[in-house]
Amino acid sequence: MDYETLKNCFVGVFKHYKADTYKTFVIHKLRDDSEEFIKFLKQNIKNKEWHISFNGLGFDAQVTHKILKYHKEWEGMDAEGKTEEIYAFAQDAIKRSNNREFQEFPEWNMSIKQIDVFKLNHWDNMAKRSSLKWIEYTMDWDNILDMPIHHESEITTQKELDTIIEYCINDVDATHEIYNRSKDLIALRLNLTEQYNINLVSASEPRISKELFSYYLSKELNIPKRDLKNLRTFRKSIKLEKIILPYIDFVTPEFNTLLERFQSVELDPQNIKGAFKHFVIYNGVKTHFGLGGAHGAAKPGIYESDEDNIIMSSDVTSFYPMLAIKNGWSPAHLPSKQFCTLYQWFFDERKKIPKSNPMNYVYKIILNSTYGLSNDKNSFLYDPEFTMRITINGQLTLMMLYEMIMEAIPNAIPLLQNTEGIETIIPKQYKDKYIEVCERWERLTDFNLEHDEYKKLILADVNNYIAINTDGKAKCKGRFEFKNLALHKNKSKLVIPKAIYEYFVNDILPEDYIETNKNILDYCIGSKTNSGWQVVADSLEEGVFKQENLQKINRYYISDNGVKLIKRNKNDGREIQLEAGKWIQTVFNKIEEQNNWEDYNINKKYYLMAIEKEINNILNVNSNQLSLF
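Residues numbered from 1 in each chain as written. Predicted model: local features only at pLDDT ≥ 70, side-chain atom pairs only at ≥ 80, totals over all residues. Heavy atoms only, no water.

Let us look at the nonpolar core. If you look at the biggest cluster of nonpolar residues, it comprises 97 residues, and the most contacted ones within it are Leu240 and Leu457. Take this core: its biggest share by element is 13 residues, from helix α14 (residues 384-408). For leucine 457, the residues in contact, after removing those within four places along its chain, are Gly301, Ile302, Tyr303, Ile311, Leu415, Leu416, Tyr465, Ile466 and Ala467. Membership of the second largest hydrophobic core comes to 43 residues, among which are Ala460, Tyr503, Tyr557 and Ile615. (Core = buried A, V, L, I, M, F, W, Y, C linked by side-chain atoms within 4.5 Å. Buried < 20%, exposed > 50% of the residue type's maximum accessible area, 1.4 Å probe, protein only. Helix = DSSP H or I, 4+ residues; strand = E, 2+ residues; numbered from the N terminus. Contact = heavy atoms within 4.5 Å.)

Now the structure itself:
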């Protein structure tokens, strides 16, 4: 379902989740369906039917329940009076949301149950923040056009009404598609809701973790959940020297200097971000350290196993949870024994359950989210010192492993060091020695390592690489990801990572791959613009210069002809080209399929140059030194 609330017009569209049947309600002077609409909502309540929406808990459901509460006052009121009231309801919900205030109707107090695909996918989180239009773009939706009529406009014609209805139906269909893609997530939440008697139907993963951890911990501690959820540990300062594990020890001056730097730090918990930065150059590799984690990588290149050398990959099993469990750490306001026992129980239970069982995923959520919640002031797990214990000791223990391997194995070459593991080239004859060093580290730390061997590592930097293990399975990271991308992620120019993959993995030249990829959406680019900027399309038609204002989210591709897309600052008039230089774009917010591929007028040179740049970066040459194409 979806609502459009304008100053003198209301449109509500409902679609049955198992069929393509729609109910459309309009309240306007040209058509007043208010009585039928109220009957429909009451029928929903009577039949215990659910409303499925995008951000319904924060908007549509608020409007629904305002209408249910106040519609009796509509008697004798004309359509314009009703739409004025609904518009006021809508603006109030938006204002509360923008001000981060509680909405008038909490979920528990709603007479119509809700499934909010925006909430359950955690698209309200700053790191994943996504509008329906953005998700429509990432789903390759046919029509991502904004409604062309502003909500403050006076609607006077049937044509305008039809436009609003058509737009609303498009968004309902998109919400239906998100629902279909989220069915497993919804089924899991419905089962958890029934099992624990906690409404988790629209819950994000962190909220599931918070609710279930508190459910079990309140039983373990015999503390009411309400009281448990009010607990926090606030600190004036955190001295890192006091929280570093006593067995942390290094033999090289580079890492001893790192340890001393960490030991000298006293943190203000209110200003942790960016409060510590350091790097170590060791064996020719620069590794960066902060308060969140370590990351380092060898020079870009192609690294391969051969007759004499192998690439070893070693990751710590459930590293962050195990740091707490093995060392008996907990947020200071929670007894460490019960906390760690429960944390260990989640880990053990997950191991017993096959990955196909949804509860395996639930336990994974709890294990992974608990650390993050310790740095969230809205969580009963909040204790920033607990967070620092995990991240600082995680870096240092992993660097101990890194140093131990480098010092023990002649001619070892470090490739990657990141939050949970390391990748290293070692002479094949030293594989047993490598495992022996790892086992010594496991005994010292009480952690477990999981090992893999790579056949090839195509490395751009620590966050962007393609790793191919000895079974031929490829792992693409960062810019090189193109399969099963999360819907909130930017899927722009997928033709580029696909071509790079084909080049490095299957020896297919980019120009040959480009000739075979005839999916126009792989060439498309998504652009988000915030409210302080306006995107304009500049064009020259028959000698006349034209400008057209575009919407906040746009889909386009680089073409041989078209328009120039520019972001213009609404305050100072600054202009930024979406694609700097000579490149021209075709706006593709509504897909228009061409009979002939050539009719799209794709500028192949743009995409080939981007592919060449990435490949040349990995091959360690400048673009003017190597021309692949």
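Let us now look at the packing of helix α10 (residues 253-263) against α14. Between α10 and α14, whose axes approach to 11 Å, the crossing angle comes to 170°. As the angle between them shows, α10 and α14 are arranged roughly antiparallel. Only Ile392, Gln395, Leu396, Met399, Tyr402 and Glu403 of α14 make contact with α10, whose side of the interface consists of Phe255, Leu258, Leu259 and Phe262. Within the contact of α10 with α14, the residues separate by chemical class into eight nonpolar, one polar and one charged. (Axes fitted to C-alpha atoms, helices over the stretch in contact; angles between N-to-C directions. Parallel < 35°, antiparallel > 145°, perpendicular 65-115°, else oblique. Nonpolar A, V, L, I, M, F, W, Y, C, P; charged D, E, K, R; others polar.)

Another aspect to go through is the sheet that holds strand β19 (residues 525-528). Within a sheet, adjacent strands bond to each other through the backbone by hydrogen bonds, running parallel or antiparallel. With antiparallel pairing, the three strands of this open sheet are ordered in space as β19-β22-β25. Edge positions in the sheet fall to β19 and β25 (584-587), since each has one partner strand and no second. Going from strand to strand, the sheet's axes swing by 45° on average, the running direction of each strand aside. With four bridges joining them, strand β22 (residues 553-559) and β25 adopt antiparallel strand pairing. Bridge pairing in β25 places isoleucine 558 opposite glutamine 585. (Pairing = 2+ DSSP bridges.)

Once that is clear, we can look at the pairing of strand β10 (residues 285-289). Sheet faces and side chains relate simply in a regular strand, where the side chains alternate between the two faces. Of the two faces of β10, only the one carrying Val285, Thr287 and Phe289 is buried; Lys286 and His288 on the other face are not. By the bridge criterion, five bridges tie strand β9 (residues 278-282) to β10 in an arrangement that is antiparallel. By the bridge assignment, histidine 278 is partnered in β10 with phenylalanine 289. Once β9 ends, the chain turns through two residues before running back antiparallel as β10, passing asparagine 283 with a positive phi of about 55°. By the bridge criterion, four bridges tie β10 to strand β11 (residues 294-297) in an arrangement that is antiparallel. Directly across from lysine 286, in β11, lies its bridge partner alanine 297. Connecting β10 to the antiparallel partner β11 that follows it, the hairpin turn spans four residues.

Structurally, lysine 326 is set in helix α11 (residues 319-327). Take lysine 326: its relative accessible area is 34%, and that puts it in the partly exposed class. C-alpha separation for the pair lysine 326 and phenylalanine 447, spaced 121 residues apart in sequence, amounts to 7.8 Å. Lysine 326 has contacts with Asp446 and Phe447, leaving out every residue within four places of it along the chain.

Before going further, it helps to examine the layout of surface pockets. Approximately 590 Å³ is the volume found for the second largest pocket. If you trace the second largest pocket, you find 25 residues lining it, with Lys15, His16, Tyr17, Trp50 and Ile52 closest to the centre. Among the elements of the structure, β2 (9-15), α1 (34-46), β5 (50-53), α6 (158-181) and α7 (183-196) are those that each provide at least two residues to the lining of the second largest pocket. Residue composition of the lining of the second largest pocket, grouped by class: twelve nonpolar, eight polar and five charged. (1 Å grid on protein atoms, 1.4 Å probe; cavity = no way out; pocket = protein on both sides within 12 Å on 5 of 7 lines; lining within 4 Å. Points joined across faces, edges and corners; volume = space filled by probe spheres on them.)

Another aspect to go through is helix α18 (residues 604-618). With 15 residues, α18 ought to run about 21 Å at 1.5 Å a step, and its terminal C-alpha atoms sit 21 Å apart, in line with that. The complete set of buried residues in α18 reads Tyr606, Tyr607, Leu608, Ile611, Glu612, Glu614, Ile615, Asn616 and Ile618. Those residues of α18 hidden inside the fold are in contact with β12 (301-304), β16 (449-461), α16 (495-506), α17 (510-516), β19 and β22. Between a side-chain oxygen at the N-terminus of α18 and the backbone nitrogen of lysine 605 the separation is 3.2 Å; the capping residue is asparagine 603. Positioned one or two residues after α18, asparagine 620 has a phi angle of 60°, which is positive. (Expected span 1.5 Å × (residues − 1). Polar contact = N/O pair within 3.5 Å; in protein donor to acceptor, adjacent residues only side chain to side chain.)

Moving on to the state of the cysteines. Put plainly, a disulfide is one covalent bond tying together the sulfur atoms of two cysteines. Under the criterion given, the structure shown has zero disulfides. Note on cysteine 9: no disulfide assigned, nearest cysteine sulfur contributed by cysteine 168 at a separation of 9.9 Å. (Disulfide = S-S within 2.5 Å.)

Let us now look at a negative patch on the surface. Residues Asp78, Glu80, Glu84 and Glu154 make up a contiguous surface patch of negative charge. Structurally, glutamate 80 can be placed in helix α3 (residues 79-98). Take glutamate 80: its relative accessible area is 32%, and that puts it in the partly exposed class. (Patch = residues over 30% accessible without salt bridge, like charges linked within 9 Å, V, L, I, M, F, W, Y side chains within 5 Å. Areas by Shrake-Rupley, 256 points an atom, 1.4 Å probe, with all protein chains shown as cover. Salt bridge = Lys/Arg side-chain N within 4 Å of Asp/Glu carboxyl O. Lys, Arg positive; Asp, Glu negative; His and termini not counted. Charge placed at Lys NZ, Arg CZ, Asp CG, Glu CD.)

Before going further, it helps to spend a moment on the packing of aromatic side chains. Taken as a whole and assessed by the stated rule, the structure comprises 47 aromatic pairs. By the ring-pair criterion, three or more aromatic residues cluster together here, those being Tyr196, Phe213, Tyr215, Tyr216, Phe339, Tyr343, Trp345, Phe346, Tyr363 and Phe386. The ring of tyrosine 501 carries lysine 483 above its face, with NZ or CZ at 5.9 Å from the centroid. It is lysine 528 that lies over the ring of tryptophan 134; its NZ or CZ is 4.5 Å from the centre. (Phe/Tyr/Trp six-rings, centres within 6.5 Å; stacked < 30°, edge-to-face > 60°. Lys NZ or Arg CZ within 6 Å of the ring centre and 35° of its normal.)

What follows deals with the environment of tyrosine 606. Within the secondary structure, tyrosine 606 is located in helix α18. Taking the C-alpha atoms as reference, tyrosine 606 lies 7.7 Å from tryptophan 583; in sequence the two are 23 residues apart. Not counting residues up to four positions away in its chain, the partners in contact with tyrosine 606 are Lys493, Ile525, Ile558, Glu579 and Trp583.

Moving on, we come to unusual backbone geometry. Notably, histidine 122 is not glycine yet its phi reads approximately 60°, a positive angle. Tracing the sequence through the fold places histidine 122 in the loop between α4 (117-120) and α5 (132-138). Notably, asparagine 283 is not glycine yet its phi reads approximately 55°, a positive angle. Mapped onto the elements, asparagine 283 comes out in the loop between β9 and β10.

Another aspect to go through is the pattern of salt bridges. Evaluated as defined, the whole model comprises 29 salt bridges. One salt bridge connects lysine 352 with glutamate 349, and the closest N-O pair in it is separated by 2.9 Å. Separated by three residues within a single helix, lysine 352 and glutamate 349 lie in helix α12 (residues 336-352), roughly one turn from each other. Put simply, Arg207, Glu211, Lys225 and Lys229 are held in one network by salt bridges that share partners.

So, on to the sheet that holds strand β4 (residues 31-32). Reading across from one edge, β1-β2-β3-β4 is the order of the four strands in this open sheet, with antiparallel pairing throughout. Of all strands in the sheet, those bounded by a partner on one side alone are β1 (2-6) and β4. Bridge analysis of β2 against strand β3 (residues 22-28) gives six bridges, and the strand direction is antiparallel. In the sheet register, glycine 12 faces β3, and the bridge partner there is phenylalanine 25. Sitting on the sheet, α1 touches β1, β2, β3 and β4, and the angle it makes with β3 is about 135°. Where α6 meets the sheet, it contacts β1, β2, β3 and β4, and its direction lies at approximately 35° from that of β2.

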